[in-house]
Amino acid sequence: MNKPLLDTLQGKQVTKRPTWLMRQAGRYLPEYREVRAQAGGFLNLCYTPDLACEVTLQPLRRYDLDAAILFADILLIPQAMGCPLAFKENEGPVLGKIRSSDDVRALSSDIGKLNETLSPVYDAVSLISKGLSADKTLIGFCGAPWTVATYMIEGGTSAERANSRLAAFAGEAWIDDLIEKLVESSVEYLGCQIEAGAEVVQIFDTWAGDLSGALLEKYCFSPIGRMRSELKRRWPDVPVIGFARGVGVSQTDFVEATGVDAAGIEWPVNTSWARDNLVPKCVVQGNLDPLAVIAGGDGMRTAVERILTDLPIGRHIFNLGHGIRKETPPEHVSDLIDMIRAHDAGGS
Ligand code: CP3
């Protein structure tokens with residue numbers, strides 16, 4: 001059986017444009033909200049394998065998607081390292097603040113303990129892998145060290161990540177130690193997901209756009225490149241997708257420096273630029289503005305057509321430029337998938 005997503009990433013001939021949506025399992029789906037309420041909160045959902053499996057598969061029951069992405073979160077790693085984490089209603093994540101050498105030293109680097117805490121996530125991967133039809137690909141993921149570090153340094157979501165950027169510019173030794181610990185834990189986390197059945201992994205660097213010049217190289221390219229090398233040494237056939245959100249024209253340097261198999265691009269990246277500059281180097285994933293799916297109709301159609309015309313089947317994975325929003329009408333997602341399939345079948 002062909003798997004459009006895995007085959008595209010492995011450079012095989014494909015006839016279908018693989019399509020999935022970042023955050024495709026989530027609050028825009030009533031069936032997700034129901035299971036989340038039953039679980040009694042987001043973290044319980046992440047740590048209960050049969051419920052995590054159920055919400056992972058929900059969007060594939062509704063839509064013609066080519067991949068399932070494990071239901072978990074990038075912030076489970078800091079939690080497993082001993083950094084307190086809570087998700088407050090309508091507030092997002094709240095973490096213990098890490099801002100000194102002592103704070104970093106207090107984080108656990110015990111890999112056995114890390115894997116024990118995260119074992120329900122690996123169990124969820126096995127369950128999903130068994131429940132998935134043969135043409136679908138299972139994606140595992142983690143956050144990139146910089147992005148995860150920003151949540152730990154700021155203590156949660158923050159508008160500017162100012163403490164993190166200041167520590168980086170000041171050359172604080174503790175931030176380098178923190179990034180190093182995150183590289184090690186994250187490679188372990190992805191490796192265990194692969195062993196449990198993940199066929200592709202994505203590294204989310206949501207806040208890579210905070211960085212520029214030497215700091216972009218030091219805190220985004222270098223850690224992700226080291227993670228990719230270590231994963232390829234152990235699992236040479238498992239493709240790695242890098243999502244360095246917000247780096248713009250530095251996407252080409254990102255791909256060259258890290259050697260990722262695919263680059264996720266945010267919506268402001270011009271798709272004809274991506275065709276000319278990225279497609280010769282790697283597969284490109286993206287990049288519809290999530291707000292286009294809220295709007296739906298002709299506005300969404302125009303934006304989708306542009307992406308499909310610019311980026312060729314075989315070198316493109318259709319996705320959004322960032323996660324789907326909770327305000328998205330579920331029927332607009334059906335319309336979106338119909339538009340993609342009709343275009344590629346030669347319709348309009
Ligand atoms: O894509 C998927 O469907 C798989 C699951 C997934 C989640 N988070 C579930 C989630 C993935 C891949 C993530 C990644 C993630 N988590 C990122 C990187 C991608 C991105 O969006 O930039 C980041 C930065 C996080 C951290 C995070 N998790 C924040 C800031 C929040 C709060 C904001 C929000 O949307 O509520 C979360 C919570 C979260 N992670 C939810 C889901 C479905 C919502 C939780 C709920 O049900 O209330």
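The shown structure was predicted, so the numbers you read here are calculated from the model rather than taken from an experiment.

Each value, and the rule that gives it
- Residues numbered from 1 in each chain as written.
- Predicted model: local features only at pLDDT ≥ 70, side-chain atom pairs only at ≥ 80, totals over all residues.
- Heavy atoms only, no water.
- Axes fitted to C-alpha atoms, helices over the stretch in contact; angles between N-to-C directions.
- Helix = DSSP H or I, 4+ residues; strand = E, 2+ residues; numbered from the N terminus.
- Parallel < 35°, antiparallel > 145°, perpendicular 65-115°, else oblique.
- Contact = heavy atoms within 4.5 Å.
- Nonpolar A, V, L, I, M, F, W, Y, C, P; charged D, E, K, R; others polar.
- Salt bridge = Lys/Arg side-chain N within 4 Å of Asp/Glu carboxyl O.
- Buried < 20%, exposed > 50% of the residue type's maximum accessible area, 1.4 Å probe, protein only.
- Phe/Tyr/Trp six-rings, centres within 6.5 Å; stacked < 30°, edge-to-face > 60°.
- Polar contact = N/O pair within 3.5 Å; in protein donor to acceptor, adjacent residues only side chain to side chain.
- Near = heavy atom within 4 Å.
- Areas by Shrake-Rupley, 256 points an atom, 1.4 Å probe, with all protein chains shown as cover.

*Asks:* What is the right way to read the packing of helix 2 (residues 30-39) against helix 4 (residues 49-62) from this model?
*Replies:* Helix 4 packs onto helix 2 with a crossing angle of 170° between their chain directions and a minimal axis gap of 10 Å. Classified by the interaxial angle, the pair formed by helix 2 and helix 4 is roughly antiparallel. Contact with helix 2, carried on its side by Pro 30, Glu 31, Tyr 32, Val 35, Gln 38 and Ala 39, involves Leu 51, Glu 54, Val 55, Gln 58 and Arg 62 of helix 4 and no other residues of that element. Its residues placed into classes, the contact of helix 2 with helix 4 shows 6 nonpolar, 2 polar and 3 charged.

*Asks:* Sorry if this is basic, but what is going on with the pattern of salt bridges here?
*Replies:* Between side chains of opposite charge, pairing is possible as soon as their charged atoms come close. What the rule picks out here adds up to 21 salt bridges. With a closest N to O distance of 3.0 Å, Arg 61 and Glu 54 form a salt bridge. Between Asp 176 and Lys 218 there is a salt bridge whose closest N-O contact spans 3.3 Å. Highlighted residues: Asp 176 in helix 10 (residues 173-196) and Lys 218 in helix 11 (residues 213-234), separated in sequence by 42 residues. Given a relative accessible area of 27%, Asp 176 falls into the partly exposed group.

*Asks:* Got a minute to help me understand the packing of aromatic side chains in this structure?
*Replies:* Evaluated as defined, the whole model comprises 8 aromatic pairs. Ring geometry for Phe 204 against Phe 243: centres 6.2 Å apart, planes inclined by 90°, an arrangement best described as edge-to-face. Taken together, the residues span a long stretch of sequence, with Phe 204 in strand 5 (residues 200-205) and Phe 243 in strand 6 (residues 240-244) at a distance of 39 residues. Phe 243 matches Phe 204 in its accessibility class, with the two residues each being buried.

*Asks:* Please clarify how the side chain of Asn 319 should be interpreted in this entry.
*Replies:* For Asn 319, the location among the structural elements is in strand 9 (residues 316-320). A polar atom in the side chain of Asn 319 sits 2.9 Å from the backbone nitrogen of Met 22. The contact partners of Asn 319, leaving out residues within four places of it in the chain, are Trp 20, Leu 21, Met 22, Gln 285, Gly 286, Asn 287 and Leu 288.

*Asks:* I'm lost on the site of the ligand in this one. Help?
*Replies:* Near the ligand there are 24 residues, and of these Arg 27, Tyr 32, Arg 36, Thr 206 and His 322 occur at the shortest range. Within the contact set of the ligand, an oxygen atom lies 2.7 Å away from a backbone nitrogen or oxygen of Arg 23. Within the side chain of His 322, an N or O atom sits 2.6 Å from an oxygen atom of the ligand. Coverage of the ligand by the protein amounts to 90% of the 870 Å² it exposes when considered alone. Among the elements of the structure, helix 2 and strand 3 (92-95) are those that each provide at least two residues to the shell around the ligand. When grouped by side-chain class, the residues that make up the shell around the ligand number 15 nonpolar, 5 polar and 4 charged.

*Asks:* Could you clarify how one ought to interpret the environment of His 332 in this entry?
*Replies:* With respect to the helices and strands, the residue His 332 is situated in helix 16 (residues 330-344). On the basis of relative accessibility, which here comes to 16%, the residue His 332 falls in the buried class. Along the primary structure His 332 and Ala 295 are separated by 37 residues, whereas in three dimensions their C-alpha atoms are 8.2 Å apart. The residues contacting His 332, other than those within four sequence positions of it, are Val 293, Ile 294, Ala 295, Gly 296 and Met 300.

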